[in-house]
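In case you want the letters, here they are:
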Amino acid sequence: MILRALLLWLCLAQGVWALDPSEMLDDPALEAKARELDHALRCVVCQSETVASSNAQWAVDTRRVIREQIASGQTHAQVVDFFVERYGEFVLMNPRASGSNWLLWAAGPLMFLLAAGVGVTYLRTRRVASGASETELSDDEQRRLREILDD
C-alpha cells in the first residue's frame, strides 16, 4: 500500500522536477512572466507537454532562452514570436486563430453542421418514402385480413 502511494506521488510530482531552481530569475515579477511563457509553449520533443513540465533537453534550453529574453526586456509577445518564427505555430499550446489555422478552428463546427444536414435530409427522405409506400388495401386483401382477424 505504501509502495503504491509512493509511486502515485512520484508520478504526480514529475512536473515539479522540470524547473531547476538554478534556472529561476531573481526578480519574482520576471519569473512569473517566464513561467507564464513556459506554460504557453509546447515542447517540440515531447509534443504533448508544456515547456514547464518537460524534462527534455530542448525544454531546458527553451526555459533558459525564455528567461534570458525576459531579463533583457522582451515582452510576452516578442518571446512568443521568437519561438513561432523558429518552430512554427506548433510550438504554441493554444494556436492562434488566424491564417490557415481558421480551417482547423472551423472544422469542428462545419463537420457538425454537415452531419446535421445529412441527418435531416435522410429523415425527410425516409418519411416521404415511407408515406409513398403506404397504399390502400385492395378488396381481396381487406377480405383476407378480416378472415385472419376473425380466427
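Bear in mind that the values here come from a model prediction, so they are computed numbers and not experimental data. (Residues numbered from 1 in each chain as written. Predicted model: local features only at pLDDT ≥ 70, side-chain atom pairs only at ≥ 80, totals over all residues. Heavy atoms only, no water.)

A short note on the overall build of the chain
Link 1 in the chain: Counting secondary structure elements, the chain contains six helices and zero strands.
Link 2 in the chain: Each helix and strand of the chain, placed in order from N terminus to C terminus, yields the pattern α-α-α-α-α-α.
Link 3 in the chain: The buried share among the 151 residues of the chain stands at 22%.
Link 4 in the chain: A sequence separation of at least 24 residues applies to 48% of the contacts in the chain between residues at least 6 apart. (Helix = DSSP H or I, 4+ residues; strand = E, 2+ residues; numbered from the N terminus. Buried < 20%, exposed > 50% of the residue type's maximum accessible area, 1.4 Å probe, protein only. Contact = heavy atoms within 4.5 Å.)

Some details on the nonpolar core
Link 1 in the chain: Among the nonpolar cores identified, the biggest contains 17 residues, and L37, L41, I66, V79, F83, V91 and L92 are the most heavily contacted of them.
Link 2 in the chain: Listing elements by their share of this core, those giving two or more residues are helix 2 (28-40), helix 3 (57-71) and helix 4 (76-87).
Link 3 in the chain: Residue contributions to this core peak at five residues, all from helix 3.
Link 4 in the chain: Leave out the neighbours within four places in its chain, and L41 touches E49, T50, V51, T62, I66, F83, V91, L92 and M93. (Core = buried A, V, L, I, M, F, W, Y, C linked by side-chain atoms within 4.5 Å.)

Here's the deal with the pattern of salt bridges
Link 1 in the chain: Evaluation of the coordinates by the stated rule reveals eight salt bridges.
Link 2 in the chain: The residue E147 makes a salt bridge to R143 at a minimum N-O spacing of 3.3 Å. Of this pair, E147 and R143 are both found in helix 6 (residues 139-150), four residues apart, which corresponds to roughly one turn of the helix.
Link 3 in the chain: The class for E147 is partly exposed, based on a relative accessible area of 35%.
Link 4 in the chain: In this structure, a network of salt bridges that share partners links the residues E31, R35, D38 and R67. (Salt bridge = Lys/Arg side-chain N within 4 Å of Asp/Glu carboxyl O.)

What about helix 4?
Since there are 3.6 residues in each turn of an α-helix, residues three or four apart along the chain are aligned in direction.
Link 1 in the chain: Over its twelve residues, helix 4 extends 17 Å from the first C-alpha to the last, a length consistent with the 16 Å expected when each residue adds 1.5 Å.
Link 2 in the chain: If you follow the buried residues of helix 4, they end up packed against helix 2 and helix 3.
Link 3 in the chain: Positive backbone phi, at 85°, marks G88, one or two positions downstream of helix 4. (Expected span 1.5 Å × (residues − 1).)

Looking at the packing of aromatic side chains
Link 1 in the chain: Tallying each qualifying case throughout the model produces three aromatic pairs.
Link 2 in the chain: Seen from their ring centres, F82 and F83 are 5.1 Å apart, and the 90° between their planes marks the pair as edge-to-face.
Link 3 in the chain: For F82, a relative accessible area of 23% corresponds to the partly exposed category.
Link 4 in the chain: The exposure class assigned to F83 is buried, which follows from its relative accessible area of 3%.
Link 5 in the chain: A connected cluster of aromatic rings, assembled from ring pairs, spans W58, F82, F83 and Y87.
Link 6 in the chain: Between the NZ or CZ atom of R42 and the centre of the ring of F90, over which it lies, the distance is 4.9 Å. (Phe/Tyr/Trp six-rings, centres within 6.5 Å; stacked < 30°, edge-to-face > 60°. Lys NZ or Arg CZ within 6 Å of the ring centre and 35° of its normal.)

Regarding a nonpolar patch on the surface
Link 1 in the chain: Side chains of L110, F112 and L113 sit close together on the surface and give an oily, nonpolar patch of about 350 Å² of accessible area.
Link 2 in the chain: As for its placement among the helices and strands, L113 is situated in helix 5 (residues 101-133). (Patch = residues over 30% accessible without salt bridge, like charges linked within 9 Å, V, L, I, M, F, W, Y side chains within 5 Å. Areas by Shrake-Rupley, 256 points an atom, 1.4 Å probe, with all protein chains shown as cover.)

Points about the packing of helix 3 against helix 4
Link 1 in the chain: Remark: helix 3 packs on helix 4, axes separated minimally by 10 Å, with the N-to-C direction vectors making an angle of 140°. With respect to helix 4, the element helix 3 is oriented oblique. Considering how the two elements wind past one another, helix 3 and helix 4 form a crossing that is right-handed. For the pair helix 3 and helix 4, contact is made by W58, T62, V65, I66, Q69 and I70 and by V79, F82, F83 and Y87, respectively.
Link 2 in the chain: Class assignment for the residues of the contact of helix 3 with helix 4 results in eight nonpolar, two polar and no charged. (Axes fitted to C-alpha atoms, helices over the stretch in contact; angles between N-to-C directions. Parallel < 35°, antiparallel > 145°, perpendicular 65-115°, else oblique. Left-handed = near helix turned anticlockwise from the far one by under 90°. Nonpolar A, V, L, I, M, F, W, Y, C, P; charged D, E, K, R; others polar.)

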